[in-house]
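The lines below spell out each chain.
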Amino acid sequence: MGEAVVLDGRKVAESVRQRLTQRIAARREAGARVPGLVVIRVGDDPASEVYVNNKRRAAAAVGMAAREIHLAADTPEAEVVATVQALNQDPAVDGILVQLPLPAGISSEAVLEVLDPAKDADGLTADNLGRLAAGKPRLVPCTPRGILELLDQYAIPLRGRRAVVVGRSRLVGMPMALLLVQRDATVTIVHSRTPDAQAIAREADVLVVAAGRRGLVGPEWVKPGAAVVDVGIHRTAEGIEGDVDFAAVRTCAGWLTPVPGGVGPLTVAMLLANTWTAYAAREGLAASEAAI
């Protein structure tokens, strides 16, 4: 067989951003307020600073009111919690994102616990994850939502197909599995304690890899013709790499995401989409207006 079709996450993310720009422009022209997104960053981690700046710029580019609240690394947990609670009550704020990881001494669980689920732009509160598990999603974790958008845009079939998710994190693995089940795929999660995970993965028509291990998945993991989605991101001396050996897997997969340029751009786009979803719900927009 030939080489895999490369799934262009940048192109799909740009399509999402264009739709959001049009929706928000229409609201502004109608004299309505625009969606508001606030990102909370605690400490001075260089990677977090880059991520937050990218998210804030992306939100502003589609017409949202976007701002960052930057707190010092030694900020008491109670003050971080109070900051989130104040934003919960702010009528101009529709989406709140707490940039993780937080500095030592501040519990991400404690902070997320007080975040209003209706403003949870990352979709990571227990309430939103529970609603997803119940089949009544409201705000869905950004990376899994972006992966589903990517699969849909490339018309990759899910109904009745075998899907395997490598990794069981709250951020990606578990919500990804739930979304695939709700699209009528038959789903298996494998992880570090799964015996013969490679053999199970090789049965997948759709393989989502979120293991956090550079180059873990090679051709021996991949069913010929499968769709392979690489969530991993590892900065190396040679550049940014993923959990999948792209060059080797490209010769056997049917579809394959690159790193960079695959899942990453969609994660940011879905942060904006979640903020719009939260805004549309608070504004009481009709389903036709709210859809992205």
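Below is a summary of the structure that appears in this document. (Residues numbered from 1 in each chain as written. Predicted model: local features only at pLDDT ≥ 70, side-chain atom pairs only at ≥ 80, totals over all residues. Heavy atoms only, no water.)

## As for the packing of helix α5 (residues 126–133) against helix α7 (residues 173–182)
In step 1: One can describe the packing of α5 onto α7 by two numbers: an axis separation of 9 Å at closest approach and a directional angle of 30°. With respect to their mutual orientation, α5 and α7 come out roughly parallel. Considering the relative orientation of α5 and α7, their crossing is left-handed. Contacts between α5 and α7 pair Leu-129, Leu-132 and Ala-133 from the former with Pro-175, Leu-178, Leu-179 and Gln-182 from the latter.
In step 2: Grouping the amino acids of the contact of α5 with α7 by side-chain chemistry returns six nonpolar, one polar and no charged. (Axes fitted to C-alpha atoms, helices over the stretch in contact; angles between N-to-C directions. Helix = DSSP H or I, 4+ residues; strand = E, 2+ residues; numbered from the N terminus. Parallel < 35°, antiparallel > 145°, perpendicular 65-115°, else oblique. Left-handed = near helix turned anticlockwise from the far one by under 90°. Contact = heavy atoms within 4.5 Å. Nonpolar A, V, L, I, M, F, W, Y, C, P; charged D, E, K, R; others polar.)

## Focus: the nonpolar core
In step 1: Ranked by size, the top nonpolar core spans 50 residues in total, and within it Ile-147, Val-206, Val-208, Leu-272 and Trp-276 carry the most contacts.
In step 2: Residue contributions to this core peak at ten residues, all from helix α10 (residues 263–283).
In step 3: Leave out the neighbours within four places in its chain, and Val-206 touches Leu-151, Ile-156, Pro-157, Leu-158, Arg-162, Ala-163, Val-164 and Ala-227.
In step 4: Core analysis: the next-biggest nonpolar cluster, separate from the first, contains 20 residues, Ala-4, Val-190, Ala-204 and Val-222 among them. (Core = buried A, V, L, I, M, F, W, Y, C linked by side-chain atoms within 4.5 Å. Buried < 20%, exposed > 50% of the residue type's maximum accessible area, 1.4 Å probe, protein only.)

## Considering the side chain of Thr-125
In step 1: If you trace the backbone, Thr-125 turns up in the loop between α4 (108–114) and α5.
In step 2: You can call Thr-125 buried: its relative accessible area is 4%.
In step 3: The contact partners of Thr-125, leaving out residues within four places of it in the chain, are Leu-112, Leu-115, Pro-117, Asp-120 and Arg-170.

## Focus: the packing of helix α2 (residues 46–61) against α10
In step 1: Following both chains from N to C, one finds α2 and α10 inclined at 55°, their axes separated by 10 Å at the closest point. Judged by the angle between their axes, α2 and α10 are oblique. The interaxial crossing formed by α2 with α10 has right-handed handedness. In this structure, α2 contributes Lys-55, Ala-58 and Ala-59 to the contact, and α10 contributes Val-268, Leu-271 and Leu-272.
In step 2: Tallied by class, residues from the contact of α2 with α10 come to five nonpolar, no polar and one charged.

## Some words on the sheet that holds strand β2 (residues 36–42)
In step 1: With respect to topology, three strands assemble into an open sheet ordered β3-β2-β4, the strand pairing being parallel. Across the chains shown, the open sheet's two edge strands, defined by having one partner strand only, are β3 (65–71) and β4 (95–98). Put simply, the sheet's adjacent strands are angled 15° from each other on average, direction ignored.
In step 2: Bridge analysis of β2 against β3 gives seven bridges, and the strand direction is parallel. By the bridge assignment for β3, Val-38 is matched with Arg-67.
In step 3: Packed on one face of the sheet, α2 meets β2, β3 and β4 and runs near 160° to β3.
In step 4: Here helix α3 (residues 77–88) sits on the sheet and contacts β2, β3 and β4; the angle it forms with β3, its principal contact strand, is near 160°. (Pairing = 2+ DSSP bridges.)

## A short note on unusual backbone geometry
In step 1: Note that the residue after Leu-100, namely Pro-101, is joined by a cis bond; omega there is 0°.
In step 2: Its location among the elements puts Pro-101 in the loop between β4 and α4.
In step 3: Cis geometry is adopted by the peptide bond preceding Pro-260, which originates at Val-259 and carries an omega value of 0°.
In step 4: Note that Pro-260 resides in the loop between β11 (255–256) and α10.
In step 5: The phi dihedral of Ala-155 falls on the positive side, at around 55°, and the residue is not glycine.
In step 6: Among the structural elements, Ala-155 can be located in the loop between α6 (142–153) and β5 (162–166).
In step 7: One non-glycine residue, Asp-184, lies in the positive phi region at around 70°.
In step 8: Within the element layout of this structure, Asp-184 appears in the loop between α7 and β6 (186–190).

These figures come from the coordinates and say nothing about function on their own.
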